[in-house]
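# Descriptive structure summary
So the chains spell out like this:
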Amino acid sequence: MRDASGRGEAKSPRMPSDASIAGGRSTLSPAQKALHKLGLRDAIDLALHLPLRYEDETRIVRLSDARAGELVQIEARVIRSEVTFRPRRQLRVEVDDGSGRCVLRFLNFYPGHQKTLGEGALVRVRGELRGGLLGLEMVHPSFKPAGGPLPQTLTPIYPSVAQLPQAYLRKAVMGGLVRADLSETLPPGAWPAAHAPAWSLRQALELLHQPGPQLRLAELEDRSHPAWQRLKAEELLAQQLSQLQARRARDAMRAPVLQPSAIEPVAALRQQLLAALPFELTAAQKRVDAQITADLTREQPMHRLLQGDVGSGKTVVAALAALHCIEAGWQCVLMAPTEILAEQHFGKLVSWLEPLGVHTAWLTGSQKAAERRKALAAIESGQAALVVGTHAVIEDKVQLHRLGLVIIDEQHRFGVAQRLALRSKMALGEAGRALEPHLLMMSATPIPRTLAMSYYADLDVSTLDELPPGRSPIVTKVVHERRREEIVSRIAQQIAQGRQVYWVCPMIEESEALDLRNATATHAELQRALPGHAVALLHSRLSAIDKKAVMAAFAAGQTAVLVSTTVIEVGVDVPNASLMVIEHAERFGLSQLHQLRGRVGRGTVASACVLMYSTGEQARLGQAARARLQAMAQTQDGFEIARRDLEIRGPGEFLGARQSGAPLLRFADLATDTLWLEWARQWAPRLLQQYPHLAQRHVERWLGGRSEFVKA
Ligand code: ADP
Ligand code: MG
C-alpha cells in the first residue's frame, strides 16, 4: 500500500537539486534534520506542506501612495544612517523615494546592516508602515540592495523551524511537488455540485505553492479560495476515514464479555456498594452507569469517554464499572495522571471496596521497592482485583493476570506516547486469541459535542450533565491585586467560621524556581497575617511523601489555609473548603481556572472563588485574559466554559494543547468548515465501502506515519 500512496519514494534521493545531500550520505545536514522534525520525509509530505501566508513582493509602492498600517515594498535612497541612543540604542535610517520619506529602525543590528544601509545607497525595503508622530516609519523591515527583477508571483512563506531557511524549504517543497503522486483518490461525482472545486489536487497544490501573477494576496489570505477549499475538504476526509478505520478495527477486536458469574448472586458487590453509600445516585449517574454496563457485557471492547463537570461524581461511576468487571472475574486498572490524584482515588476506592472483600493494589513510581514487589505479586497472582496508580501501572514489569477493564482519569492529561503504551499493554493473549480490555476514559474538561464527534469518531461519549443535589453555587469575583488586603481579611473570616481556604499561585512556564519563590513569599505573608492558624505550603518540589502529608493534614482539617502551586489542580476533594483564591488568575487557561474553582463548593457550604489579577506595568489586561476572567465570572457550567474556551482559542489550539502538541488538522477549521465536515462524514463510509483502495491511499497520503497518533 505504501507505494500506491507515493511514499515509496523515500528510497530515491530526497532533493535532487541539492547535490550536497544527494547520493545516499548517511549523515543528515541540519536543514534535513529540520525537515524531518517537521515531519517532511517523503515527496507527498513536502507537496502537502502548504504556505502559512504569502508576501507580496511583486510591486514597488510609492511612499506618497502608501498608508500607515500597510505592508509595503519600497525602493528608496538612504539619506541618513546613524546609531542613536534614545529611547534606546538603535540604528536609525532615513530614506527617500522621491515621493516621500520614511525612517527605518533596527533595535538589533550588525555591521552588515550599516554597510548595506549606508548613506547614498539605493535599497529595496519591505515592512509594515507605521505612522509615527514625526512621519512614517518601519521597525525591522527586511531590505536588500535595490535593482534586480521583481518576482512575478506572490512569495509563499512556509511553516518552518530554526535552521531551515525559507529558501531551502521552498526548493524542497517544489521538488516534492514535482515528484509526488497526486492522482485523484475521490471518484468523480464525489464533490458536491454547489461547491465543486474546479481543480484537480495537483492544480490546487500548484496554485497554492506558486500562485500565478493574476492572484492577489486578499484572495489567498482568508483561505476561502477554491484551491484552499479543495485541500481542507481532502484533509477532513482523511481524518474521518482514519477514524472510521479505527472504529472498524476495534469492532473486529474481541474483549472479554464481562458477565457477572451465575454462581455469585448477580451484581451482589454493586448492590452492596450502593447500599453503603451515604447518597443516592443522580439520574445522570444511573443513566451513564447503565450505558457502561451494557458496553461491558458486549464482546467488542468498550471505548467510552465519560465526561462530567468537576464534582459531578465520576468516581463512583468508575467504582461501579470496576465492580462489574471484578464480579465477572476479571481485573481492573485505574490510572490517574498525578500521584496526588491517584492517591485520592486509591483512598476512596479502598474505603468503598475493602469492606466488600475486594483487594486493591497501589502502584506508583515513587514507592519503596519492597512495597512495590508486594503489590506486583498481588497483581500477578490475581489476588488484587483492582490496581490503582499513576502511569506506573503500564510499565513493563506489571503483569496483569486477567485484565478486563482499564479506567483512565483525566485522560487528556496523559501524553500520546503513554496512551500508545497502554494500548500495546492492553493487547493480551487469552486462550489463543487476543482479547482487548474495555476502556473507560474520564474527563472533567468537556469537549463540545461537535468537536467530540468529529475528532473522536471512534469514541462513544457519556455525559454526566447533572451535579449531585445540595451543592450551593460558587460566587466568583474578579478583583485587582490592589485589593489583596481585603482578600486576606476575607480569609480570616472564613477560618473563624471553621472553614478552609485554598490559595493558588501560578505556575510560571519554565521557571520552577520563580514559582517556588512566589508561593513561599505568599505562604510567609499569610502566616504573618493569620497568627494562630496553620498555613501550609504545597509545591511540586516536595517529595511525594511530603505532598501526601500536606494534603492529608488539609483533608483532615488540621490546616486552615493551603498555599499551593497548581499541583492541586485536579481531583482533590475537601468538602469543608469554602474559599479559593487564585493569584495572577490572568495567567491561567480557562479550563484550568474552572478545574481549580471546582475544588470548592463540594459540600453544602456557600463557597466563593476570588480571581485576583495583576496588570503589572501595562495598565490593561490582554483581551484574551479579560475574556477568560469574564467567562469565569459569568458561568459555572463546564460545558459553557469549554465552548467559550474554544471560541477564545480556536479548535486547533484547544485540541492541540491536549495532544502531543501536533495539531491534528493543519488546514481545515472545525468551527468554520462545517459544510466540508458534513460532506466528509457522509463520504468517508461510502468511500471505504465502495473504493477501499482509494480510501486507503487517501489516508496514507494525508496522514502517513501520523495516523497511529491521530487514533491514540
Ligand atoms: P468528579 O466528577 O469531579 O471526579 P467526584 O467523583 O470526586 O467528582 O465527586 C465529588 C463529590 O461528590 C464526592 O465527595 C462524591 O462522594 C460526591 N458524590 C458523588 N455522587 C454523589 C451523589 N449522587 N450525591 C451526593 N454526593 C455525591
Ligand atoms: Mg475526579
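Residues numbered from 1 in each chain as written. Chains lettered and ligands numbered in written order. Predicted model: local features only at pLDDT ≥ 70, side-chain atom pairs only at ≥ 80, totals over all residues. Heavy atoms only, no water.

A word on the sheet that holds strand β19 (residues 474-480). Read from one edge to the other, the open sheet built from six strands follows the order β19-β24-β23-β20-β22-β21, with strand pairing classed as parallel. At either margin of the open sheet sits one strand with a lone partner, and together these are β19 and β21 (535-538). Each strand axis lies, on average, 15 degrees off the axis of its neighbour in the sheet, ignoring direction. As judged from the four bridges shared by strand β20 (residues 500-504) and strand β22 (residues 561-564), these two strands associate in the parallel manner. If you follow Val504 over to β22, its bridge partner there is Ser564. (Pairing = 2+ DSSP bridges. Helix = DSSP H or I, 4+ residues; strand = E, 2+ residues; numbered from the N terminus. Axes fitted to C-alpha atoms, helices over the stretch in contact; angles between N-to-C directions.)

This paragraph deals with the confidence of the model for the protein chain. Per-residue confidence for the protein chain gives a mean pLDDT of 82, with 82% of residues at or over 70. When mean pLDDT is taken per element in the protein chain, helix α9 (residues 283-296) scores highest with 96 and helix α24 (residues 707-711) scores lowest with 41. In the predicted structure, residues 8-25 sits below a pLDDT of 50 and forms 27 contacts with residues beyond four places in sequence or in another chain. This stretch, residues 707-712, has a pLDDT under 50; its non-local contacts, to residues over four places away or in other chains, come to 13 contacts. (pLDDT = per-residue confidence, 0-100. Contact = heavy atoms within 4.5 Å.)

The subject of this paragraph is the site of ligand 1. With respect to spatial proximity, 17 residues lie near ligand 1, and among them Glu280, Gly311, Lys314, Thr315 and Arg471 are the closest. Interatomic distance of 2.8 Å between a side-chain N/O atom of Gln285 and a nitrogen atom of ligand 1. Between Gly313 and ligand 1, the recorded distance is 3.1 Å, taken from a backbone N or O atom to an oxygen atom. For ligand 1, whose unbound accessible area comes to 560 Å², protein coverage reaches 85%. (Near = heavy atom within 4 Å. Polar contact = N/O pair within 3.5 Å; in protein donor to acceptor, adjacent residues only side chain to side chain. Areas by Shrake-Rupley, 256 points an atom, 1.4 Å probe, with all protein chains shown as cover.)

All right, on to the packing of helix α7 (residues 226-252) against helix α22 (residues 674-690) then. Here α7 crosses α22 at 50 degrees, and the two axes come no closer than 8 Å. Judged on the interaxial angle alone, α22 and α7 are oblique. The two elements α7 and α22 cross, and the hand of that crossing is right-handed. In this structure, α7 uses Gln229, Ala233, Leu236, Leu237, Gln240, Leu241, Leu244, Gln245 and Arg248 to contact α22, whose residues at the interface are Trp676, Leu677, Trp679, Ala680, Arg681, Trp683, Ala684, Pro685, Leu687, Leu688 and Gln689. Among the residues forming the contact of α7 with α22, the class breakdown is 14 nonpolar, four polar and two charged. (Parallel < 35°, antiparallel > 145°, perpendicular 65-115°, else oblique. Left-handed = near helix turned anticlockwise from the far one by under 90°. Nonpolar A, V, L, I, M, F, W, Y, C, P; charged D, E, K, R; others polar.)

This part takes up unusual backbone geometry. The phi dihedral of His140 is positive, around 50 degrees, even though this residue is not glycine. In this structure, His140 sits in the loop between β7 (135-139) and β8 (142-145). When its relative accessible area of 38% is taken as the criterion, His140 is described as partly exposed. Even without glycine at this site, Arg223 takes up a positive phi of about 60 degrees. With respect to the helices, strands and loops of the structure, Arg223 is situated in the loop between α6 (217-221) and α7. (Buried < 20%, exposed > 50% of the residue type's maximum accessible area, 1.4 Å probe, protein only.)

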